[in-house]
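Analysis of the macromolecular model
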Amino acid sequence: MTQVKSTMAGTVFTVNVAEGEEVTAGQVVIVLESMKMEIPVEAEVAGKVTSINVQVSDFVNEEDVLLTIEA
Amino acid sequence: MDKILVANRGEIALRIIRTCQRLGIGTVAVYSEADSDMPFVKEADEAFLLGPAQVQQSYLQADVIIDIALQNGVDAIHPGYGLLSENAEFVRKVQQAGIAFIGPDADTIDQMGDKIGSRVTMQAAGVPVVPGTDEGIASLDEAVQAAQDIGYPVMLKASAGGGGIGMVRCEDEQALGQHFQSVKSRAKAYFGDDVVFLEKFIADARHIEVQVFGDHAGNVVHLFERNCSVQRRNQKVIEESPSPHLPQEAKDRLYQAAVDAAKAVAYKNAGTVEFIVDNNNDIYFLEMNTRLQVEHPVTEQVTGYDLVEWQIEVAKGNELPVKSQAAITSTGHAIEFRIYAEDPVKFMPSPGAITKLDWGDTTGVRIDSGYVEGGKVTPFYDPLISKVIVHAPTRSEAIERSKAFLSQVGVVGLKTNIPFFDKFLASEDFLAGDYSTAVLATWFEKQKGETIK
């Protein structure tokens, strides 16, 4: 189980994947908006998205777990 | 005009408040919960809390801001830049409340905010525009067809977009296919309008803009140009005036086109006409910004005028403080550096507390800062901490002074892009001055493997 964490404080702009979806390493799974910039968050590993903890317009802090991937 | 409400935050709010103080005009600040300790809140005569940190719940609360103005005897509202500054609906509401808006008319903002519409208006006025589509593009098929006619690379842009958001450069049909829907949906999300269009991407171009000013009597003047070519993600980091290596003949064409553009829409107050200049010095209208810009101090330093004071005069219904173009002159060379809370290598935002902020010796340097030591840069707003503007008799002297100044600034607590400036100012690309908007990308390629400390 790999946790995808927020790289910085910001607002969730898009969630690009759904639970159960297969993702590849390096795929942009979530886009945050922070300080008027779009910050892409990538999956570090390939696998299946097992849970998504956030939805669009949620505010997240650095290191918050956004979603989990089972390799 | 006895009292002005500043509907903004940070360095621009403070900068407007200082001009009001000098002119003996009272000031009202509005702020979010995240900004209660900011210098602009403390320095205003009165200050009112708008709401939580998020801009939708604070700085974009148009009705709350107008209510505060009405209840506190405010004569005019200055919107700064960003936030509500180019929101025509806000302008109409302010004026309906019997309060002056310090900026252009709502109709002009609408007209220029629609990038497709402004292209058409400018063509009709004889101002050259970048080759592109003069209508919105509904489908990918249409986009592919139009891009073939225009020729790759193309810029795919949101008609309502701005500030570098909602535009993507596409090298070929595959890239266009990949980005078409996402630019449309981003345009919808950010600007509430998903109309997109295409423009030819002009390689090795310089981004040069002309400051213009108009009044209710129909006077229009320009205050020379700013070179805005050092950009990352289509957002500017360094601006300078005058533009290095641009022949006087090309400058004269830019000034004429900018004044023609402003006259075509009976422009009132401060505005900026943005152009792309290619390596043949051919000029193309890009867009008009209907507000005071982040980089306006560069123009203030070379012309000696206070543009906020001019804005207030025009908003009062007075004619321009200087109506004769010949009387407006530019002296020396000015460079503005935007000090951002960001990683100096990847340019990623780095919010945090500023535990130490020591500018050192500020002789001959103008600092427009939104923050002081002990302040906190939160993730809710843009990462701009301060602007540093250096003015000297020549460009090389301005660069030398900038290097000496920036190298002795001490910031602790968060990352800033000052180390980037320290390195970039020594680069031949910048020193030569003959650089395009690609200068940073090119420079980064050369830097690979090196560390910026």
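Residues numbered from 1 in each chain as written. Chains lettered and ligands numbered in written order. Predicted model: local features only at pLDDT ≥ 70, side-chain atom pairs only at ≥ 80, totals over all residues. Heavy atoms only, no water.

Things to note about the overall build of chain B
Of regular secondary structure, chain B possesses 15 helices and 20 strands. Taken over C-alpha atoms, the radius of gyration comes to 21 Å for chain B, in line with the 22 Å a tight globule of 453 residues would show. With the principal axes as the frame, chain B shows a C-alpha extent of 55 × 50 × 45 Å. Residues classed as buried in chain B amount to 57% of the 453 residues present. For chain B, contacts bridging at least 24 residues in sequence account for 66% of all contacts bridging at least 6. For chain B, the accessible area works out to roughly 17,200 Å², and carbon and sulfur atoms hold 48% of it. Treating the 42 positive side-chain charges of chain B as one cloud and the 63 negative ones as another, the clouds have centres 4 Å apart. (Helix = DSSP H or I, 4+ residues; strand = E, 2+ residues; numbered from the N terminus. Rg over C-alpha atoms; globule rule 2.2 N^0.38 Å. Buried < 20%, exposed > 50% of the residue type's maximum accessible area, 1.4 Å probe, protein only. Contact = heavy atoms within 4.5 Å. Areas by Shrake-Rupley, 256 points an atom, 1.4 Å probe, with all protein chains shown as cover. Lys, Arg positive; Asp, Glu negative; His and termini not counted. Charge placed at Lys NZ, Arg CZ, Asp CG, Glu CD.)

Considering the packing of aromatic side chains
Residues and elements named next belong to chain B. Inspection of the entire model under this criterion finds 16 aromatic pairs over all chains. Ring centres of Phe213 and Trp310 lie 5.3 Å apart, and the angle between their planes is 65°; this geometry places the pair in the edge-to-face category. Residue Phe213 is located in strand β9 (residues 206-214), and its partner Trp310 is located in helix α11 (residues 307-315); the two are separated by 97 residues in the primary sequence. In this structure Trp310 comes out as buried when scored by relative accessible area, which is 2%. Considering the side-chain rings of Phe420 and Phe421, the 5.3 Å spacing of their centres and the 50° angle between planes classify their relative orientation as tilted. The pair formed by Phe420 and Phe421 is uniform in burial state, with each residue classed as buried. An aromatic cluster is built from Phe337, Phe347, Phe420, Phe421, Phe424, Phe430 and Tyr435, whose rings are joined through pairwise contacts. In this arrangement the basic side chain of Arg232 is found over the ring face of Tyr340, its NZ or CZ atom lying 4.6 Å from the centre. (Phe/Tyr/Trp six-rings, centres within 6.5 Å; stacked < 30°, edge-to-face > 60°. Lys NZ or Arg CZ within 6 Å of the ring centre and 35° of its normal.)

A short note on the interface of chain B and chain A
When the parts come together, some accessible area is lost, and that loss is often what is quoted as the size of the interface. In this complex, chain B contributes 21 residues to the contact, which on the side of chain A involves twelve residues. Run the count over chain B and chain A and you get one salt bridge. Among the salt bridges present, the one from Glu38 of chain A reaches Arg186 of chain B, with a minimum N-O distance of 2.6 Å. For the pair chain B and chain A, the interface holds two residue pairs in polar contact (both at pLDDT 80 or more). Of the residues assigned to the side of chain B that touches chain A, the class counts are 13 nonpolar, three polar and five charged. (Salt bridge = Lys/Arg side-chain N within 4 Å of Asp/Glu carboxyl O. Polar contact = N/O pair within 3.5 Å; in protein donor to acceptor, adjacent residues only side chain to side chain. Nonpolar A, V, L, I, M, F, W, Y, C, P; charged D, E, K, R; others polar.)

A look at the environment of Gln148 of chain B
Residue and element names in this part refer to chain B. Here Gln148 is to be found in helix α7 (residues 140-150). Judged by its relative accessible area of 46%, Gln148 falls in the partly exposed class. Along the backbone, Gln148 and Asp172 are 24 residues apart, and their C-alpha atoms lie at a distance of 9.3 Å.

Side note on the pairing of strand β13 (residues 283-289) of chain B
The two faces of a sheet get side chains in turn, since along a regular strand they alternate between them. Residue and element names in this part refer to chain B. Taken across its seven residues, β13 has seven buried, putting it largely inside the fold. In this sheet, β13 lies alongside strand β12 (residues 269-277) in antiparallel orientation, the contact comprising six bridges. For Val273, the partnering residue across the bridge sits in β13 and is Met288. Connecting the antiparallel pair β12 and β13 is a turn made up of five residues, with Asn281 showing a positive phi of about 65°. (Pairing = 2+ DSSP bridges.)

Notes on the nonpolar core
Within the largest apolar cluster, 121 residues are counted, with the highest numbers of intra-cluster contacts made by Leu5, Phe40, Ile77, Phe275 and Phe337 of chain B. With eight residues, helix α9 (residues 248-264) of chain B is the largest single contributor of residues to this core. Beyond its immediate sequence surroundings of up to four residues, Phe40 of chain B is in contact with Asn8, Arg9, Gly10, Ala13, Leu14, Ile17, Ala29, Val30, Tyr31, Asp35 and Tyr59 of chain B. In terms of nonpolar packing, the next biggest core, distinct from the first, is built from 18 residues, Val17, Ile39, Val49 and Val54 of chain A among them. (Core = buried A, V, L, I, M, F, W, Y, C linked by side-chain atoms within 4.5 Å.)

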